[in-house]
Structures are given as structure tokens and as C-alpha cells.
Number of protein chains: 2
Amino acid sequence: MSTLSNSRNIFWQECPVGKHERQKLLNQKGCVVWITGLSGSGKSTLACSLSRELYSRGKLSYVLDGDNLRHGLNRDLGFKPEDRTENIRRVGEVGKLFAEAGLICIASLISPYRKDRDACRTMLSDPNFIEVFMNMPLELCEERDAKGLYKLARAGKIKGFTGIDDPYEPPVNCEIEIQQTGGFCPTPGAMAGQVVSYLENKGFLQYQ
Amino acid sequence: MSTLSNSRNIFWQECPVGKHERQKLLNQKGCVVWITGLSGSGKSTLACSLSRELYSRGKLSYVLDGDNLRHGLNRDLGFKPEDRTENIRRVGEVGKLFAEAGLICIASLISPYRKDRDACRTMLSDPNFIEVFMNMPLELCEERDAKGLYKLARAGKIKGFTGIDDPYEPPVNCEIEIQQTGGFCPTPGAMAGQVVSYLENKGFLQYQ
């Protein structure tokens, strides 16, 4: 019997085909690559490039894009602090399911608060949560402003915009940091390569 | 720009690796097999048996079990009607993501209300939502009572229990119906076989 307050009489159902079998079928290890950073820092670009690179190696990944999920699973949530926390909790839970299913799940969300990201890390067993910090200067993100959101935020037309009037808390112990070198941004392929190397070294791209 | 009330300034992110590529990699078509029926009707048994049978054919499936999800993604939800609806909506949304990822997603939930199931059907494009109705007599389910829940419900210790003091609305146009023949319940293998045949005939077990 469950002891959870909202989950009376809920039993845990085990299945004979488990994570092990699915990982064997896919010849990879399930995990969550969690990409965090400011709007315009290149999260989606990395997510796409990474999924392409993994696909070229015959590996199955799936991108959970924060913006896309707000049209579906998280459509009932807004941008109040508690809604942001719930938004990230749900993405973490879904990421966990995808990792359980054996996929390399690529979550791409601003996820500005450290405690929310750490809660997702705790959900998964630690080595299966790979935090990638897009460490790009605010000025660069604002200059790109592909979605025109910084402009709106500066004009006061969007309130609580991360980096402008809401804080971004950089990770303390992330697994991977993407940053400029010599004033240049890495190419999408180079960023993906950095993550793929990590996954390869840690044994996620095969399964014995 | 989005027109959703809660989703201001949310853009849709497209990725070059899409459903097509993932289905090609897996040589199958993503879909949701939605198993509905009373507690004790054999939903979890079918889900496990089906995932085993698909695995033996080299197909990737993942079971979304209603009870298990109440420990994670849906841990904030109770059993009030609006919570049940939200519970099923979220499972539908997650099932949709898994189908998008190319998996055969097996959702196993009592899901007693027709409108909630139909909302999930609408989320997916129709042929990718396969409703399986465990059409077992209440007496049989109550006799099995593997979890001891009917006893508690009859004793009034659980309120709003489906089949006792809360309605189960059987599907009107389900794709597959599992029932007794000549007073005998089909074996787990026979039930799984019925679903696998359907999937095979509809072309879900390969991808050209």
C-alpha cells in the first residue's frame, strides 16, 4: 500500500520487460541531457544538432522542448514561480520516463532556478542526469534576440523575463559547460560533439 | 506567436530529426495502445504480456501504468472528478510524446469516463490511438480482487470506486475488445496476440 497522501491504494506494477531489455534492444543507455541557459543562448540549436548527431550513429533520442510542452502537457501552467517549478517538475518526470524507456532524452529549457534543476537530478539516479550549461553572456543572447523577447522585456511588455527582471542561477556542478572561446561561439556541430564525447566516454552509447 | 492564454510568446521548435527518422531507426510506427477497464479486469496483465510479445519481435514499447504515474508525474492529483480528468489528460499527452518518439506506448488505466478517453484520442491522430476495452464482468473482477480494493469499496472504506459507487462508461467504438469466450478468460498470451495481430495488420510493426 502506498503511503503517499494523494495516492491511496496505489500499487506498483512491475513488468518483465524492463529498462535493461530496452537498453539492450537499442544498444544504448537511457539518460536525460538537461540543457539550461538564457533565452537565445543556443539550447534548441544544441538539442537539434545533438539529436542529429546521435541519429547518425543509430542512437534513439527525443527532444523535450520547454516551449513545445507548454502547448501540450504543460498548457495549464503560466509563469508564476510555482508554475515554473511545476513546469520543470513535470518535464523532469517525463524525462525520467523516457530514460526508463531507454532513450537519450534531451530536455531543453531555460530552467533558471538551481533548486528546480537539482530536484530533477534527484529524480533520476545521478549519473543519468547530465546537466549542460549554455554559458553565454547576456549581451550576446540579447543581441541575437531571435524571438524578439528581450526587446519586449526591456520595454516592460514582458514581466519576469529571465536575465532581465528575473534571475538566472548558473549551475554549480554541471557535467558540461558550453562557452565561447576567443570571443567566438562554438558551431552547432562542435557543441553537439562536446556532448557526444561525454556520452561516449561515460558508456551511454552502447550497452553490454 | 502563440494565442494560448497561458503560453505567451511561446514558439514552436522544429527539429531536423523527426518522427519519420525515429520510426525508420526502430522499424515500427509510433502509437498509443490505450487499455481501459475495471480494476481487476486484466489491464496490467495485458500490458506486460503485450510488451513481452513486442520485445520478442524486436519492437520497442513502453508501458504507462496509471498507478505507477501517480507516484511520479501525477503525484499532485487525487481522485476528484477534475483530478481524474487531469490525470488522464497528462497520460494522454505523455503517450503522444512517446508515439512521437516512435514507440508503441501502452497506457494502462481504468479511465472510466468516455469523454476523457475521447479527449486523448483527439490529441493523437485517430489511427494512432488504439483503444482496447477489457470487457470483463464486474463479478469476475470483484471475485479476483487482487488488490483487495473491492472489499474496501463494498465496506465503504473507499469512496467513488469505479464499478461500485462510480460509473464505468464502456467504449462505443473501441478498436479491440477483450472478453471471455465460453465462460473462460483468454490467457495473457492470447490477449497480447489479439493486440499484436491488430498492430501487424495495421502496419505498426514495420516502417517503409
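Residues numbered from 1 in each chain as written. Chains lettered and ligands numbered in written order. Predicted model: local features only at pLDDT ≥ 70, side-chain atom pairs only at ≥ 80, totals over all residues. Heavy atoms only, no water.

1. Description of the environment of A:Val132
Residues and elements named next belong to chain A. By the element assignment, valine 132 lies in strand S4 (residues 129-135). As a C-alpha pair, valine 132 and valine 91 span 41 residues in sequence and 16 Å in three-dimensional space. Ignoring any residue separated from it by four or fewer positions in sequence, one finds valine 132 in contact with Val33, Trp34, Ile35, Thr36, Leu46, Ile176, Ile178 and Val195. (Helix = DSSP H or I, 4+ residues; strand = E, 2+ residues; numbered from the N terminus. Contact = heavy atoms within 4.5 Å.)

2. Some details on the UniProt feature "domain: APS kinase" (unreviewed entry) in chain A
Taken from the UniProt record, the annotation "domain: APS kinase" (unreviewed entry) applies to residues 29-178 of chain A. For residues 29-178 of chain A, the end-to-end C-alpha separation is 23 Å, with 41% helix and 17% strand making up the annotated structure. (UniProt positions renumbered as here; feature names shortened; annotations may be inferred.)

3. Points about the sheet that holds strand S5 (residues 176-179) of chain A
Pairing between sheet strands relies on hydrogen bonds along the backbone, with the strands arranged either parallel or antiparallel. All names here are of chain A. The parallel open sheet is built from five strands, whose spatial order is S2-S3-S1-S4-S5. Edge positions in the sheet fall to strand S2 (61-65) and S5, since each of these pairs with one other strand and no more. Looking at each pair of strands side by side, their axes are set apart by 20° on average, direction ignored. (Pairing = 2+ DSSP bridges. Axes fitted to C-alpha atoms, helices over the stretch in contact; angles between N-to-C directions.)

4. Let's talk about the packing of helix H2 (residues 43-56) of chain B against helix H8 (residues 188-201) of chain B
When two helices pack together, their arrangement is given by the angle between the helix axes and by the axis-to-axis distance. All names here are of chain B. Closest axis-to-axis distance for the H2/H8 pair is 8 Å, and the angle between their directions is 60°. With respect to each other, H2 and H8 are oriented oblique. Taken as a pair, H2 and H8 cross one another with a handedness that is right-handed. In this structure, H2 contributes Thr45, Leu46, Ser49, Leu50, Glu53 and Leu54 to the contact, and H8 contributes Pro188, Gly189, Met191, Ala192, Val195, Val196 and Leu199. A per-class count over the contact of H2 with H8 returns nine nonpolar, three polar and one charged. (Parallel < 35°, antiparallel > 145°, perpendicular 65-115°, else oblique. Left-handed = near helix turned anticlockwise from the far one by under 90°. Nonpolar A, V, L, I, M, F, W, Y, C, P; charged D, E, K, R; others polar.)

5. Points about the packing of aromatic side chains
For any two aromatic rings, the description comes down to two numbers: the centre-to-centre distance and the angle of the planes. This structure, assessed with the given rule, holds nine aromatic pairs over all chains. Summarising the aromatic geometry, the rings of A:Phe133 and A:Tyr168 are spaced 5.9 Å apart at their centres and angled 15° between planes, so their arrangement reads as stacked. You can see A:Phe133 sitting in strand S4 and its partner A:Tyr168 sitting in the loop between helix H7 (149-154) and S5, a full 35 residues away along the chain. By relative accessible area, which is 16% here, A:Tyr168 ends up buried. Aromatic rings pair up to connect A:Tyr62, A:Phe98, B:Tyr62 and B:Phe98 into one cluster. A cation over a ring is seen here: B:Arg70 above B:Phe79, with NZ or CZ 3.9 Å from the ring centre. (Phe/Tyr/Trp six-rings, centres within 6.5 Å; stacked < 30°, edge-to-face > 60°. Buried < 20%, exposed > 50% of the residue type's maximum accessible area, 1.4 Å probe, protein only. Lys NZ or Arg CZ within 6 Å of the ring centre and 35° of its normal.)

6. Some words on the nonpolar core
Residues A:Phe98 and B:Phe98 are the most contacted members of the largest nonpolar core, which totals 46 residues. Core analysis: the second largest hydrophobic core is formed by 35 residues, B:Ala47, B:Phe133, B:Cys174 and B:Leu205 among them. (Core = buried A, V, L, I, M, F, W, Y, C linked by side-chain atoms within 4.5 Å.)

7. Some details on the pattern of salt bridges
Residue and element names in this part refer to chain A. For the coordinates displayed, the defined rule picks out 28 salt bridges over all chains. One salt bridge in this structure joins aspartate 76 and arginine 90, with 2.9 Å as the shortest N-O distance. Taken as a pair, aspartate 76 in the loop between helix H3 (66-69) and helix H4 (81-100) and arginine 90 in helix H4 lie far apart in primary sequence, 14 residues in all. Residue classification places arginine 90 among the buried positions, given a relative accessible area of 2%. Arginine 89 is the salt-bridge partner of glutamate 86, the closest N and O atoms lying 2.9 Å from each other. On the criterion of helical spacing, the pair formed by glutamate 86 and arginine 89 is a turn pair, its members being three residues apart in helix H4. For glutamate 86, a relative accessible area of 15% translates into the label buried. (Salt bridge = Lys/Arg side-chain N within 4 Å of Asp/Glu carboxyl O.)

8. Remarks on the pairing of strand S5 (residues 176-179) of chain B
Residues and elements named next belong to chain B. Judged by which residues are buried, S5 turns out to be one-sided: Ile176 and Ile178 face inward and are buried, whereas Glu177 and Gln179, on the alternate face, are not. With four bridges connecting them, strand S4 (residues 129-135) and S5 associate as parallel partners. Bridged to valine 132 within S5 is isoleucine 176.

9. Structural notes on the sheet that holds S5(B)
Residue and element names in this part refer to chain B. Strand order in this open sheet of five strands is S2-S3-S1-S4-S5, and the pairing throughout is parallel. Looking at strand neighbours, the two that pair on one side only are strand S2 (61-65) and S5, the edges of this open sheet. Averaged over all adjacent pairs, the angle separating strand axes in this sheet is 20°, with direction ignored. Where S2 lies against strand S3 (residues 104-108), five bridges are found, and the strand directions are parallel. Bridge assignment links aspartate 65 to a residue of S3, and that residue is serine 108.

10. Topic: the pairing of strand S1 (residues 31-36) of chain B
Residue and element names in this part refer to chain B. Summarising burial for S1: six of the six residues are buried, a large majority. Neither face of S1 is left uncovered, since the one carrying Cys31, Val33 and Ile35 and the one carrying Val32, Trp34 and Thr36 both have all their residues buried. As paired elements, S1 and S3 share five bridges and run parallel to each other. Across the sheet, valine 32 pairs through a bridge with cysteine 105, a residue of S3. Both S1 and S4 contribute to a ladder of five bridges, which runs parallel. By the bridge assignment, threonine 36 is partnered in S4 with phenylalanine 133.

11. Some words on the confidence of the model for chain A
Per-chain confidence: chain A averages 92 in pLDDT, with 93% of residues scoring 70 or above. Low pLDDT (under 50) marks residues 1-7 of chain A, which in the prediction has 16 contacts with non-local residues, meaning those over four places away or in another chain. (pLDDT = per-residue confidence, 0-100.)

12. Description of helix H1 (residues 19-26) of chain A
Among all positions of H1(A), only A:Arg22, A:Gln23 and A:Leu26 are buried. In a view along the axis of H1(A), the buried residues occupy a sector of 100°, so they form one face of it. Contacts from the buried residues of H1(A) go to H4 of chain A together with helix H1 (19-26), H2 and S2 of chain B. After H1(A) finishes, the residue A:Asn27 shows a positive phi value of roughly 50°. (Arc of directions from axis to C-beta.)

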